[in-house]
Amino acid sequence: MARLKVTQVRSNIGAKHNQRESLRSLGLKRINDVVVQEDRPEIRGMIFKVNHLVKVEEVE
């Protein structure tokens, strides 16, 4: 299964509550935090909600 490297590149200050919760569920707490997640539909949905705050790369 593919994996996604998710990096928070913008602050969540001023973001909606559900976007903040999506960042927290992904495991991101502050700018430049990096997490590696499995490529699953639930994770893709959370990333889609905060795509303006994160950078996503595929890793093996």
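Going by the structure above, here's the rest.
About the thresholds
Residues numbered from 1 in each chain as written. Predicted model: local features only at pLDDT ≥ 70, side-chain atom pairs only at ≥ 80, totals over all residues. Heavy atoms only, no water. Helix = DSSP H or I, 4+ residues; strand = E, 2+ residues; numbered from the N terminus. Buried < 20%, exposed > 50% of the residue type's maximum accessible area, 1.4 Å probe, protein only. Contact = heavy atoms within 4.5 Å. Salt bridge = Lys/Arg side-chain N within 4 Å of Asp/Glu carboxyl O.

Undergrad: Go over the side chain of Q37, please, and point to the residues and values.
TA: Among the secondary structure elements, Q37 is positioned in strand β2 (residues 34–38). We classify Q37 as buried; its relative accessible area is 17%. Apart from the residues within four sequence positions on either side, Q37 is in contact with R3, L4, L26 and I43.

Undergrad: Pulling in residues and values, what's your account of the pattern of salt bridges?
TA: Scanning all chains against the criterion turns up four salt bridges. The residue R3 makes a salt bridge to E38 at a minimum N-O spacing of 2.4 Å. Highlighted residues: R3 in strand β1 (residues 3–8) and E38 in strand β2, separated in sequence by 35 residues. R3 gets classed as partly exposed once you look at its relative accessible area, which sits at 31%. Looking at E38, the relative accessible area reads 24%, which means it is partly exposed. The partner of E57 in a salt bridge is K55, and the shortest N-O contact between them spans 3.5 Å.

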